[in-house]
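Listed below are the residues making up each chain.
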Amino acid sequence: MAGGQRARWPASTLTNAWLLAAAVLLNTQGIIAQKVQVEVEVEAYPTESVTLRCQFINGGSTKLTQVSWIWEPVDGQRDNIAVYHPVYGQSFPNPLFKDRVAFLFNNLENPTIRISKLRMSDAGRYTCEYATYPTGNEQGTTNLVMLAKPKNSADVVTVQAGTKSVVVAQCVAADSKPAATINWISSVRGNYSTSTTSGPDGTVTVRSEYRLVPTAEDNNKEVTCMVDQRTQERQWTKSLRLSVEFPPSVSIAGYDQNWYVGRSNAELVCVFNANPPPTAITWKSASGPLPDSVVVENDRLSIRKVDDAVNTTFICEVKNKHGANSHHINVFVNVQRPFICSEQQKTEHPKPPSTGAIIGGILGTLAVIGLIVGAILYVCCRQDDGEGPPKHKPPPPVKGSSSTEMLTKPSEPTTASKRALLSKGEVYYETSGREPVANLDDGSSGALNGGAPPGLDSSVKEFKESADSHHSNEFESSNHGAPAASISRGDSFVSPAMYV
């Protein structure tokens, strides 16, 4: 260019050039890296062995002069642990791997090594590096990951019942890599906390504590610790029974309120709940020393034969290291044996009637009531229809006019009287005496004295018989007239019966 000016490249052109150069460099390194074939990552466990493979491929005209294994525990630290030369042989310069590392094949093309008796500190990057001609050094790196199975444990912490939250169980997953995870399953209301601690060899210890406010009811309740970690084939679990200590609670059993003089084999039992177990169980009597008939054996008080001395208050006292507690019971001795139903009689109650029986009884009762009501209605309807004999009997008629005049004295008024054998509602009327009539044609003195002639007596008798014969017949006076008089002058002058 004129004037001695320097040429300037556009900024975009320079950027593209740098990108192209970087791509070529990366591609070249990739091709070189592919010549040393290794595994990217290998996992191993302490005390075990691990094989680190290395192989030089596609060497072509490249000459291999030496191969070395370099250990990098941390960034910036490189230590040779194994060297192989086709002329000078094998070398293991690092004392940390003395007698623990070896070549599996005695050649440059496959310098695979094995490390035994692994330690957690053996973790790091292992580089298989070749010295070649004319390309120089070529290498491949394997990352060795040391895993550690956790040492799991779970234990109960014995506590005393109280009002503050305390640790009642703990679970530990120690010296694991990677760190474990701990969870809890519990039948009590509590919570847990977890902490981790790293070891010098890279392992991690996880500790978890389960806490609650302990009560006597929490004793012997179950909690379960669960540990999950990468190296475990399945979840590790352990169930624990809580241990909560508390003073005794006491009660007395065995008294059935049927103690009478002469009864044998009566017994009382001291029932207690305590943790730890009681150190002493004592029976006492409120009235003084125990009766002579009493035998005490640990938590049992037996009476060989009940007498008046047993009529007292018995006390059972239980002690453990956290305190003492007692319970008493009043025993009443009867002079005679009371009648008490046996257990079988108490339990054998009559079975209640079934639902079908109850319904059948109700229906039967309703049917009987219906029959009674129907019968009453039927009788009332029969009476309302007017069936049956005539309700009244008329008074006897007086003698009609004739050629002879009947001399009579004033007759007494008729009286009504109820006939004893008539049905309800019937009234029978009859004259209080015979009518005093005088038969002018007949000179009988009976007529003059107020009596009736013989013909009248027979007519009245015929009238009564006629009325009795019609007593059960239906009244039909509306269809028939009164019967015609056919009585002769000398027989009677009584008119035929008239029905009302």
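A short tour of the structure in this document, coming up. For clarity, every value in this text was computed on a predicted model and none was experimentally measured.

1. Quick word on the packing of aromatic side chains
Part 1: Throughout the structure, instances matching the rule amount to eight aromatic pairs.
Part 2: Residues phenylalanine 56 and tyrosine 130 carry aromatic rings whose centres are separated by 4.9 Å and whose planes lie at 65 degrees to one another, so their mutual orientation is edge-to-face. You can see phenylalanine 56 sitting in strand β4 (residues 54-56) and its partner tyrosine 130 sitting in strand β10 (residues 124-133), a full 74 residues away along the chain.
Part 3: Note on phenylalanine 56: relative accessible area 8%, which makes it buried.
Part 4: Among the residues examined, tyrosine 130 registers a relative accessible area of 0% and is labelled buried.
Part 5: Here the aromatic rings of tyrosine 255 and tryptophan 259 are separated by 5.4 Å at their centres, their planes lie at 80 degrees, and the arrangement is edge-to-face. Residues tyrosine 255 and tryptophan 259 agree in their burial class; the two are buried.
Part 6: Three or more aromatic residues link up through ring pairs in this structure, and these residues are Trp71, Phe97 and Tyr126.
Part 7: Geometry around tyrosine 45 places lysine 149 over its ring, the cationic atom sitting 5.5 Å from the centre.

2. Re the state of the cysteines
Cysteine pairs can be covalently joined through their sulfur atoms, and such a bond is termed a disulfide.
Part 1: Here the structure, examined in full by the defined rule, presents three disulfides.
Part 2: The disulfide that involves cysteine 54 links it to cysteine 128, with 2.0 Å between the sulfurs. Looking down the S-S bond of the cysteine 54 and cysteine 128 bridge, the torsion is -80 degrees, so its handedness is left-handed. Residue cysteine 54 is located in strand β4, and its partner cysteine 128 is located in strand β10; the two are separated by 74 residues in the primary sequence.

3. Describing the sheet that holds strand β26 (residues 313-320)
Part 1: Strand order in the open sheet formed by three strands is β23-β26-β27, and the pairing between neighbours is antiparallel. Taken across any chain shown, the strands that pair with only one partner, and hence form the sheet edges, are β23 (280-285) and β27 (323-330). Each strand axis lies, on average, 15 degrees off the axis of its neighbour in the sheet, ignoring direction.
Part 2: In this structure, β26 lies alongside β27, joined through eight bridges in antiparallel fashion. Its bridge partner being in β27, phenylalanine 314 is matched across the sheet by isoleucine 329.

4. Section: the pairing of strand β22 (residues 264-275)
Part 1: One ladder, built from six bridges, connects strand β20 (residues 244-253) with β22; its direction is antiparallel. Looking across to β22, one finds that valine 250 is bridged to phenylalanine 272.
Part 2: Where β22 meets strand β25 (residues 300-305), five bridges bridge the pair, whose relative direction is antiparallel. Each bridged residue has a counterpart across the sheet, and for alanine 266 the counterpart in β25 is isoleucine 303.

5. Describing the nonpolar core
Part 1: Ranked by size, the top nonpolar core spans 29 residues in total, and within it Val50, Trp69, Ile81, Ile115, Tyr126 and Tyr130 carry the most contacts.
Part 2: Looking at this core, the element that brings in the most residues is strand β5 (residues 63-72), giving four residues.
Part 3: In this structure tyrosine 126 touches Leu52, Trp69, Ile70, Trp71, Ile81, Phe97, Ile115, Gly140, Thr141, Thr142 and Leu144, once residues within four positions along its chain are discounted.

6. Some words on the pattern of salt bridges
Part 1: Taken as a whole, this structure holds 14 salt bridges when the rule is applied.
Part 2: Linking arginine 78 and glutamate 72 is a salt bridge whose minimum nitrogen-to-oxygen distance equals 3.3 Å.
Part 3: Here aspartate 75 makes a salt bridge to arginine 125, at a shortest N to O gap of 2.7 Å. Here arginine 125 lies in strand β10 and aspartate 75 lies in the loop between β5 and β6 (79-85), a separation of 50 residues in the sequence.
Part 4: Looking at aspartate 75, the relative accessible area reads 64%, which means it is exposed.
Part 5: We classify arginine 125 as partly exposed; its relative accessible area is 32%.
Part 6: Taken together, the salt bridges that share partners define one network made up of Glu72, Asp75, Arg78, Arg125 and Glu129.

What counts, and at which threshold
- Residues numbered from 1 in each chain as written.
- Predicted model: local features only at pLDDT ≥ 70, side-chain atom pairs only at ≥ 80, totals over all residues.
- Heavy atoms only, no water.
- Phe/Tyr/Trp six-rings, centres within 6.5 Å; stacked < 30°, edge-to-face > 60°.
- Helix = DSSP H or I, 4+ residues; strand = E, 2+ residues; numbered from the N terminus.
- Buried < 20%, exposed > 50% of the residue type's maximum accessible area, 1.4 Å probe, protein only.
- Lys NZ or Arg CZ within 6 Å of the ring centre and 35° of its normal.
- Disulfide = S-S within 2.5 Å.
- Pairing = 2+ DSSP bridges.
- Axes fitted to C-alpha atoms, helices over the stretch in contact; angles between N-to-C directions.
- Core = buried A, V, L, I, M, F, W, Y, C linked by side-chain atoms within 4.5 Å.
- Contact = heavy atoms within 4.5 Å.
- Salt bridge = Lys/Arg side-chain N within 4 Å of Asp/Glu carboxyl O.

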